[in-house]
Amino acid sequence: MKQDSDLRNNLKSIRTRLGMSQQDLANIANVTRQTISGVESGLYAPSVAITLRLAKALGCQVEDLFWLERDLPEVEAVLAKPLPNGQQLRVSMARVGGQWIAYPLIGKDAFRQDMIPADGEGETCTGTNKIRVRLLDDNLDTLHNTVVIAGCAPVISLWARATERWHPQLRVQYNFANSMAALHSLCRGEAHIAGMHLYDPETGEYNTPFVRDVLAGKEAVLITLGVWEEGLLLKPENPMGIRTVSDLVSGGATIVNREIGSGSRMLLEQTLQKEQIPFDAVQGFDNILKSHQDVAQAVVRGVADAGMSTASVATAFGLGFIPLHQSRYDLVILKEYSEEALVQQLLSTLGHRMVHSQFEILGGYDISKIGEVVAIV
């Protein structure tokens, strides 16, 4: 039976995350390999019996494998704040007082700013890095089911929330850290996964040379989260007419910079060196901020005329953007962690439509290679 044009499926992504070939899945589900190929390509709509066998073989729900685009509901909601007509918005939703409320995810509201609940309390002791912690509840299962990611990509929090919705028993703890700090955190055993976006102009490689250097012989796998556009955040409508980093100097623009070890700072330095511009010729080069969000807010407040960040951050804050480079953001996982069930469960969601849809509407992200293993070191 030819597949309905509204029918979508997640079969290939779930199958590949589990390390199955089409023939492997066909054998377990008692169907032909041609059936698997036809379903994955959208040329064949499986029967109810085959659908149930596929879900059982992959250990998931039918709804995880197949869905109808037209099944996605639409509701009428009240905007929590007035905004200009015709503006495309990302929103969060809630039912309040019998009506739907839509909260625009723009500017600072696009980022988590609430206080994070504690799992326990303790007191530090001089001369040691150990601490005795008194847990605040007895839910040890939650602590055992926590995967820790260190990184600086705002989309990690979107991935984490989508994962927790799909796997309620799994908790994802996202610790903010620039690329090098995240990598060192992984090396010290403080995280399961490190996110990074560093480019080595000598080799033309992303991330891998830095991983080899820092991990110093430890085995790790690099998996792509996406490719994002990096460049200059500018005031709306670009009143200074900035087009290149050279314009920062000729126009007397003030910038804010990121700390040593961040991918954004490394890209700025590499771009200035390529243009043969001394670092101290750029006004504000030593004004250091610690996150993409802080850089965007500095430009919004008028503290700076420009700063390095990504296209998706520019969109979230309503700022102008000049692309300078496409950077690949990779997840680095030590081999010993990559084989743990919790980490495998988290990584399996990289192929889920819920994750893809969150990334796609941000803008400035290419997720065509999401979930691909790009290197083993």
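Residues numbered from 1 in each chain as written. Predicted model: local features only at pLDDT ≥ 70, side-chain atom pairs only at ≥ 80, totals over all residues. Heavy atoms only, no water.

**Student:** Account for the overall build of the protein chain, naming residues and giving values.
**Tutor:** In terms of regular secondary structure, the protein chain is built from 16 helices and 19 strands. For the protein chain, the C-alpha radius of gyration of 23 Å lies close to 21 Å, the compact-globule estimate for 377 residues. Projecting the C-alpha coordinates of the protein chain onto the three principal axes gives extents of approximately 70 × 60 × 50 Å. When burial is assessed residue by residue, the protein chain has 46% of its 377 residues classed as buried. Put simply, 69% of the contacts in the protein chain that link residues at least 6 apart link residues at least 24 apart. In the structure as shown, the protein chain presents an accessible area of about 20,100 Å², 50% of it carried by carbon and sulfur atoms. (Helix = DSSP H or I, 4+ residues; strand = E, 2+ residues; numbered from the N terminus. Rg over C-alpha atoms; globule rule 2.2 N^0.38 Å. Buried < 20%, exposed > 50% of the residue type's maximum accessible area, 1.4 Å probe, protein only. Contact = heavy atoms within 4.5 Å. Areas by Shrake-Rupley, 256 points an atom, 1.4 Å probe, with all protein chains shown as cover.)

**Student:** Any chance you could break down the environment of Thr310 for me, citing the residues and the numbers?
**Tutor:** By secondary structure assignment, the location of Thr310 is in strand 16 (residues 306–310). Assessed through its relative accessible area of 1%, Thr310 is described here as buried. Not counting chain neighbours up to four residues away, the residues in contact with Thr310 comprise Trp228, Glu229, Glu230, Leu233, His292 and Phe321. Within the structure, the side chain of Thr310 is placed 3.1 Å from the side chain of Ser312, a separation counted as a polar contact. (Polar contact = N/O pair within 3.5 Å; in protein donor to acceptor, adjacent residues only side chain to side chain.)

**Student:** Before we move on, could you go through the pairing of strand 17 (residues 320–334) and cite the residues and values that matter?
**Tutor:** Remember that side chains alternate between the two faces of the sheet whenever the strand is regular. Pairing of strand 10 (residues 193–196) with strand 17, which is carried by four bridges, proceeds in the antiparallel orientation. Of the residues in strand 17, the one forming a bridge with Ile193 is Ile333. Looking at chain direction, strand 13 (residues 220–234) and strand 17 are connected through 14 bridges and run antiparallel. Looking at strand 17, one finds that Thr224 is bridged to Asp330. (Pairing = 2+ DSSP bridges.)

**Student:** Give me unusual backbone geometry: which residues, what numbers.
**Tutor:** Despite not being glycine, Asn30 has its phi angle at roughly 60°, a positive value. Along the chain, Asn30 falls in the loop between helix 2 (22–29) and helix 3 (33–41). Although it is not a glycine, Gln276 sits at a positive phi angle of roughly 55°. Within the element layout of this structure, Gln276 appears in the loop between helix 11 (263–274) and strand 15 (288–289).

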